[in-house]
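Listed below are the residues making up each chain.
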Amino acid sequence: MKIALFQMTSGIDPRANAVAIADAARQAAGEGAAMLFTPEMCGLLDRDRKRATPNVVAEADNPVLAGARDAAREYGIWIDLGSLAVLRDDGQWANRGFVIDASGAIAARYDKIHMFDVDLATGETWRESAAYTAGEQVVHVRTPLGRLGMAICYDVRFPALFEEFGRAACDAIRIPAAFTVPTGKAHWHLLQRARAVEASAWVIAAAQTGHHEDGRDTYGHSLVIDPWGEVVLDMDAERGLGFAMVDPVRTGEVRAQLPSLANKREIPKSAT
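Cut-offs applied
- Residues numbered from 1 in each chain as written.
- Predicted model: local features only at pLDDT ≥ 70, side-chain atom pairs only at ≥ 80, totals over all residues.
- Heavy atoms only, no water.
- Pairing = 2+ DSSP bridges.
- Helix = DSSP H or I, 4+ residues; strand = E, 2+ residues; numbered from the N terminus.
- Axes fitted to C-alpha atoms, helices over the stretch in contact; angles between N-to-C directions.
- Contact = heavy atoms within 4.5 Å.
- Parallel < 35°, antiparallel > 145°, perpendicular 65-115°, else oblique.
- Left-handed = near helix turned anticlockwise from the far one by under 90°.
- Nonpolar A, V, L, I, M, F, W, Y, C, P; charged D, E, K, R; others polar.

**Student:** Please explain the sheet that holds strand E1 (residues 2–7) as it appears in this structure.
**Tutor:** The strands making up a sheet are joined through hydrogen bonds of the backbone, oriented either antiparallel or parallel. The sheet built from six strands is open, its strands ordered E5-E4-E3-E2-E1-E16 with mixed pairing. On the outer flanks of this sheet lie strand E5 (106–111) and strand E16 (240–245), each paired with one strand and no other. The mean angle between the axes of side-by-side strands here comes to 25°, regardless of whether they run parallel or antiparallel. Direction of pairing for E1 relative to E16: antiparallel, over a ladder of six bridges. Among the inter-strand pairings, glutamine 7 is bridged to a residue of E16, identified as glycine 240. Contacting strand E3 (78–87), strand E4 (93–100) and E5, helix H3 (residues 63–75) crosses the sheet at an angle of about 165° to E3.

Structural data, given as structure tokens:
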């Protein structure tokens, strides 16, 4: 099955980002892709909370979500919106991913569980939890690719989440991201390949890239990785669409050769 990844340099105007995503859906469908994947925060990437606040709205009012649903319906393609900044019913913000089916219906939602709260040696400091409320549910959903596990960016560093995807026999896992350049250079490929091997599943990681309007720089290198850990697609730092073929036969071959999911045992607690 052919899929498309949209590597973006999202800005501070949700409507401009919505137009870009809809155009990417049109192009992807025209190239025969069954599903389009976009990065984390594809609708709004703005670390200035005061400036961003008017653009963080409820799902029903979100122009990026509405535009993606319309595009999915018009072009007959599934769209995985990596994540959007969404206003929750309680007034808090969520970093929320969506899977939209080819009729434009929302098939699944996932709120990012692990918040990116770090102090890097480069001097970069990030406190995602200062703006966003962490999710509390593991989510996977039936798609044209089979069962798709939903993770977002910093989640990739926490194996327990991916163990749940393995227990659910997910065929693929989406890990959209806005990775920083220092952490990307050090860990991006390593972590994505490890998660594919651990879950014996395809990993699809659409990423932000380049220099953004809010001043940040992101790493790019959107990836598709097969269940053996082989890199099928690496988009480097270029913006635009990339395409890959996802073969479910490969998943079965890997799980037959190396049945790590079946061999998994509970680890006993330390005696000390």
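Having seen the model, we can carry on.
**Student:** Would you take a moment to explain the packing of helix H1 (residues 14–30) against H3 for this structure?
**Tutor:** Geometrically, a packed helix pair is captured by the angle between its two axes and the distance between the axes. For the pair H1 and H3, the least separation of the axes is 9 Å and the interaxial angle reads 15°. Between H1 and H3, the angle falls in the class roughly parallel. Seen along the crossing, H1 lies across H3 with a hand that is right-handed. Residues Pro14, Arg15, Ala18, Ile21, Ala22, Ala25, Arg26 and Ala29 of H1 lie in contact with H3, whose contacting residues are Pro63, Val64, Ala71 and Tyr75. Looking at the contact of H1 with H3 residue by residue, the class counts come to 10 nonpolar, no polar and two charged.

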